[in-house]
Amino acid sequence: AKERVQSLSTTPTPTDVSVLVDVTRAVQVLGNLLSNAIKFAPRGGEIRVGFEVLPDEVVFFVADSGPGVPVEQVEHIFERFVGSSSAASGLGLGLFIAARIVDAHGGRLWFDTNASTGSVFRFTLKRAVAS
C-alpha cells in the first residue's frame, strides 16, 4: 500500500473481544482480502480495515476505493480460478480459499461492490463466550 501511495485506516481494537478461530487461517483470510484491496485500489486510493462486534459474532471488513467487481464476475467471485481482472496477478484461488476457511469456522463471507465507490468484503467469526 505504501508503494502505491494508498491510505490504510483501521478501526480501534477493543481488548475484550475474542473469536473462536484458527488464528493462522483467520490471518490468511484477512491477508487475502487486504492483498486484493491493495491490488485493485488505484494509486493514491483508500483502504479501510475493521470490524463490528455483534452479540454472537464479529463482522470483519476490508474496503477499497477500487473499480469494484466486474458485473460478469459478481455471481462467481468465490469460485475456483475466478479472477477479478485479466490484468491481475494470481491464480484466482484467494477468495475461493478464504470462503472455504470462513465456512469451516461457521461464518459467512460476502461483499458489496460499486464501480464508483469500490468494494467491501465482509466475513463473520463466532464470538468466544467468557466463562
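Residues numbered from 1 in each chain as written. Predicted model: local features only at pLDDT ≥ 70, side-chain atom pairs only at ≥ 80, totals over all residues. Heavy atoms only, no water.

Some words on the overall build of the protein chain
Then comes step 1: Each helix and strand in the protein chain was counted, giving 3 helices and 5 strands.
Then comes step 2: Its helices and strands taken in sequence order, the protein chain reads β-α-β-β-α-α-β-β from the N to the C terminus.
Then comes step 3: Relative to the compact-globule value of 14 Å for 131 residues, the protein chain shows a C-alpha radius of gyration of 15 Å, a close match.
Then comes step 4: Dimensions of the protein chain, computed from C-alpha atoms along their principal axes, come out at roughly 50 × 30 × 25 Å.
Then comes step 5: Counting only residues that meet the buried cut, the protein chain has 36% of its 131 residues in that class.
Then comes step 6: Carbon and sulfur atoms make up 55% of the accessible area of the protein chain, which amounts to about 8,000 Å² in all.
Then comes step 7: Charged side chains of the protein chain number 12 positive and 13 negative; the gap between the two group centres comes to 5 Å. (Helix = DSSP H or I, 4+ residues; strand = E, 2+ residues; numbered from the N terminus. Rg over C-alpha atoms; globule rule 2.2 N^0.38 Å. Buried < 20%, exposed > 50% of the residue type's maximum accessible area, 1.4 Å probe, protein only. Areas by Shrake-Rupley, 256 points an atom, 1.4 Å probe, with all protein chains shown as cover. Lys, Arg positive; Asp, Glu negative; His and termini not counted. Charge placed at Lys NZ, Arg CZ, Asp CG, Glu CD.)

Looking at the packing of helix α1 (residues 23-40) against helix α3 (residues 94-104)
Then comes step 1: One can describe the packing of α1 onto α3 by two numbers: an axis separation of 9 Å at closest approach and a directional angle of 145°. For the element pair α1 and α3, the recorded crossing hand is left-handed. Judged by residue contacts, R25, Q28, V29, N32, L33 and N36 of α1 engage G94, L95, I97, A98, I101 and V102 from α3. (Axes fitted to C-alpha atoms, helices over the stretch in contact; angles between N-to-C directions. Left-handed = near helix turned anticlockwise from the far one by under 90°. Contact = heavy atoms within 4.5 Å.)

Overview of the sheet that holds strand β3 (residues 57-64)
Then comes step 1: Read from one edge to the other, the open sheet built from 5 strands follows the order β1-β2-β3-β5-β4, with strand pairing classed as mixed. Of all the strands in the sheet, just β1 (7-10) and β4 (109-114) have a single pairing partner and so form its edges. Strand-to-strand twist in this sheet, taken as the mean axis angle between neighbours without regard to direction, amounts to 15°.
Then comes step 2: In terms of strand pairing, β3 meets strand β5 (residues 118-126) through 8 bridges, oriented antiparallel. (Pairing = 2+ DSSP bridges.)

Regarding the nonpolar core
Then comes step 1: Core analysis: the biggest nonpolar cluster contains 24 residues, and V29, L33, F78, L109, F121 and F123 have the highest contact counts within it.
Then comes step 2: Ranked by residues supplied to this core, first place goes to α3 with 5 residues.
Then comes step 3: In this view, F121 contacts L33, F60, F61, V62, V69, F78, L95, W110 and F111; residues no more than four positions away in its chain are not counted. (Core = buried A, V, L, I, M, F, W, Y, C linked by side-chain atoms within 4.5 Å.)

Side note on the pattern of salt bridges
Between side chains of opposite charge, pairing is possible as soon as their charged atoms come close.
Then comes step 1: One pass over the full model with this rule turns up 3 salt bridges.
Then comes step 2: Measuring nitrogen to oxygen at the nearest pair gives 3.9 Å for the salt bridge that ties R48 to E46.
Then comes step 3: Of the residues examined, R48 reaches a relative accessible area of 36% and is grouped as partly exposed.
Then comes step 4: R122 serves as the salt-bridge partner of D112, at 2.5 Å between the closest nitrogen and oxygen. (Salt bridge = Lys/Arg side-chain N within 4 Å of Asp/Glu carboxyl O.)

Side note on α1
Then comes step 1: Compared with an ideal rise of 1.5 Å per residue, which puts 18 residues at 26 Å, α1 spans 26 Å between its outermost C-alpha atoms and is within 8% of the ideal.
Then comes step 2: For α1, the full list of buried residues reads A26, V29, N32, L33, N36 and A37. For α1, the angular spread of buried residues about the axis comes to 130°, placing them on one side. Set apart from the buried face of α1 by more than 90 degrees, the exposed residues are V23, T24 and V27.
Then comes step 3: Buried-residue contacts for α1 involve β2 (46-53), β3, α3, β4 and β5. (Expected span 1.5 Å × (residues − 1). Arc of directions from axis to C-beta.)

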